[in-house]
Amino acid sequence: MKLRIVLTDDHRMFRDTLRRVLDDEPGLTVVGEAGDGAEALQVVGELQPDVMLLDIGLPGMSGIEVARQIQRRHPRVKVIALTGHSERPFVEEMMRAGALGYVLKSTGVDELLRALRAVAVGQHFLSTEVIGTMLKYVNAEATSETPPIVTLTPREQAVLSLLAGGRRSADIATELDITVAAVEVHRRNIKGKLGLHTTAELTRYAIREGLIPA
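1. Notes on the environment of Ile70
In this structure, Ile70 sits in helix 3 (residues 63-73). Along the backbone, Ile70 and Ala40 are 30 residues apart, and their C-alpha atoms lie at a distance of 9.2 Å. Leaving out residues up to four positions away in the same chain, Ile70 has contacts with Leu41, Val44, Met52, Pro75, Val77 and Val79.

Written out as structure tokens, the structure is:
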């Protein structure tokens, strides 16, 4: 029996390419696709696949929230994050949301195939680069020296929450009804106020301050 897979990514060309690769592999078949979070939940409900390959940065709903809802509604479906985000907070949040695997888009096909076969039998799988990232911080303690969340305006808090959820600037602009340029201004102001420099640092801060679920 073939492993039945659903692909969720907002880039159609990426899905088309990956579908061809997976369908050529013995024992694998792509039974459905989705371009955003809401569509992903609908497709999973209809098709009940064995595995979902799920990007984090999706329009409308982050992959973290999609994974959380799949775990709650369809616990039999195994989730593998297939993303460009290698930062520790994204890995931690996806695994907490119920994902069994975390694979970077920059990895080779062989590693993705190993991930699919591992999670199909209930095992966890992390990309080699992701394992390195997690080991680097395994003994690290979260800093508490950054300013409190009240330092940020309500709009800055909203922008930070969406950034930490893996949303892109264009999606944030649409959701908050502001321009992309305004989003970038808010991003710079947030970094300046908090003394943080990377998206990973902002994400850790947002999780610690309760802006996104831990």
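2. So, empty space enclosed by the protein
In the structure shown here, the tally under the stated rule is one cavity of 30 Å³ or more. If you add up the space inside the largest cavity, you get close to 40 Å³. In terms of lining residues, the largest cavity is bounded by Leu7, Thr8, Asp9, Phe14, Arg15, Leu18, Leu53, Asp55 and Leu82. Of all elements in the fold, only strand 1 (3-8) and helix 1 (12-23) reach the threshold of two or more residues within the lining of the largest cavity. Broken down by element, the lining of the largest cavity gets its largest block of residues, three residues, from helix 1. Across the lining of the largest cavity, the residue classes break down as five nonpolar, one polar and three charged.

3. A word on the sheet that holds strand 4 (residues 78-83)
Hydrogen bonds between backbone groups are what pair the strands of a sheet, and the pairing can be parallel or antiparallel. Within the open sheet, the six strands sit side by side as 2-1-3-4-5-6. Their pairing is parallel. Every interior strand has two partners, whereas the edge strands, strand 2 (28-34) and strand 6 (125-126), have only one. The sheet contact formed by strand 1 and strand 2 spans six bridges and is parallel. Residue Leu7 lies in a different strand from strand 2, and its bridge partner there is Glu33. Across the sheet, helix 1 is in contact with strand 1, strand 2, strand 3 (51-54) and strand 4; its angle to strand 2 comes to roughly 165°. Where helix 3 meets the sheet, its contacts fall on strand 3 and strand 4, and the angle it forms with strand 3 comes to roughly 165°.

4. Quick look at helix 10 (residues 199-208)
Within the span of helix 10, buried status applies to Ala200, Leu202, Thr203, Tyr205, Ala206 and Ile207. Against helix 4 (88-96), helix 7 (154-164) and helix 9 (180-194) lie the buried residues of helix 10. Looking one or two residues beyond helix 10, the residue adopting positive phi is Gly210, at roughly 80°.

5. Points about the packing of helix 4 against helix 10
The relative placement of two packed helices comes down to the angle between their axes together with the axis-to-axis distance. Relative orientation of the contacting elements helix 4 and helix 10 amounts to 45°, with a least axis distance of 8 Å. Compared by their axis directions, helix 4 and helix 10 come out oblique. Touching Arg88, Pro89, Phe90 and Glu93 of helix 4 are Thr199, Ala200, Thr203, Arg204 and Ile207, all from helix 10. Broken down by class, the residue content of the contact of helix 4 with helix 10 amounts to four nonpolar, two polar and three charged.

6. Description of the nonpolar core
In this structure, Met52, Leu54, Val66, Ile70, Val79, Met94 and Tyr102 are the most contacted members of the largest nonpolar core, which totals 26 residues. Counting residues per element, the ones that place at least two in this core are helix 2 (37-47), strand 3, helix 3, strand 4, helix 4 and strand 5 (101-104). Excluding anything up to four places from it in sequence, Val79 contacts Met52, Leu54, Ala67, Ile70, Met94, Ala99, Leu100 and Gly101. Formed by 20 residues, the second largest nonpolar core is a distinct cluster that contains Leu7, Leu82, Leu112 and Leu116.

7. Some words on the environment of Arg4
Positionally, Arg4 belongs in strand 1. Separated by 43 residues in sequence, Arg4 and Leu47 place their C-alpha atoms 9.1 Å apart. Setting aside residues no more than four positions away along its own chain, Arg4 makes contact with Thr29, Val31, Leu47, Gln48, Pro49, Asp50 and Val51.

8. Concerning the environment of Gln123
Mapped onto the elements, Gln123 comes out in the loop between helix 5 (109-120) and strand 6. The spatial distance from the C-alpha of Gln123 to the C-alpha of Leu100 is 6.9 Å, given a sequence separation of 23 residues. When near neighbours in sequence (up to four residues on either side) are disregarded, Gln123 contacts Leu100 and Ala118.

9. Some details on the pairing of strand 5
Of the two faces of strand 5, the one lined by Gly101 and Val103 and the one lined by Tyr102 and Leu104 are each fully buried. When strand 4 meets strand 5, the two strands line up parallel, connected through four bridges. The residue bridging Ile80 from the neighbouring strand is Gly101, located in strand 5. In this fold, strand 4 hands off to helix 4, which returns the chain to strand 5; that crossover is right-handed. Across two bridges, the pairing between strand 5 and strand 6 is parallel. The residue of strand 6 that forms the bridge with Gly101 is Phe125. Between the parallel pair strand 5 and strand 6, the chain is carried across by helix 5, and the sense of this crossover is left-handed.

How each quantity is defined
- Residues numbered from 1 in each chain as written.
- Predicted model: local features only at pLDDT ≥ 70, side-chain atom pairs only at ≥ 80, totals over all residues.
- Heavy atoms only, no water.
- Helix = DSSP H or I, 4+ residues; strand = E, 2+ residues; numbered from the N terminus.
- Contact = heavy atoms within 4.5 Å.
- 1 Å grid on protein atoms, 1.4 Å probe; cavity = no way out; pocket = protein on both sides within 12 Å on 5 of 7 lines; lining within 4 Å.
- Points joined across faces, edges and corners; volume = space filled by probe spheres on them.
- Nonpolar A, V, L, I, M, F, W, Y, C, P; charged D, E, K, R; others polar.
- Pairing = 2+ DSSP bridges.
- Axes fitted to C-alpha atoms, helices over the stretch in contact; angles between N-to-C directions.
- Buried < 20%, exposed > 50% of the residue type's maximum accessible area, 1.4 Å probe, protein only.
- Parallel < 35°, antiparallel > 145°, perpendicular 65-115°, else oblique.
- Core = buried A, V, L, I, M, F, W, Y, C linked by side-chain atoms within 4.5 Å.
- Right-handed = clockwise from strand over helix to strand, strands pointing away.

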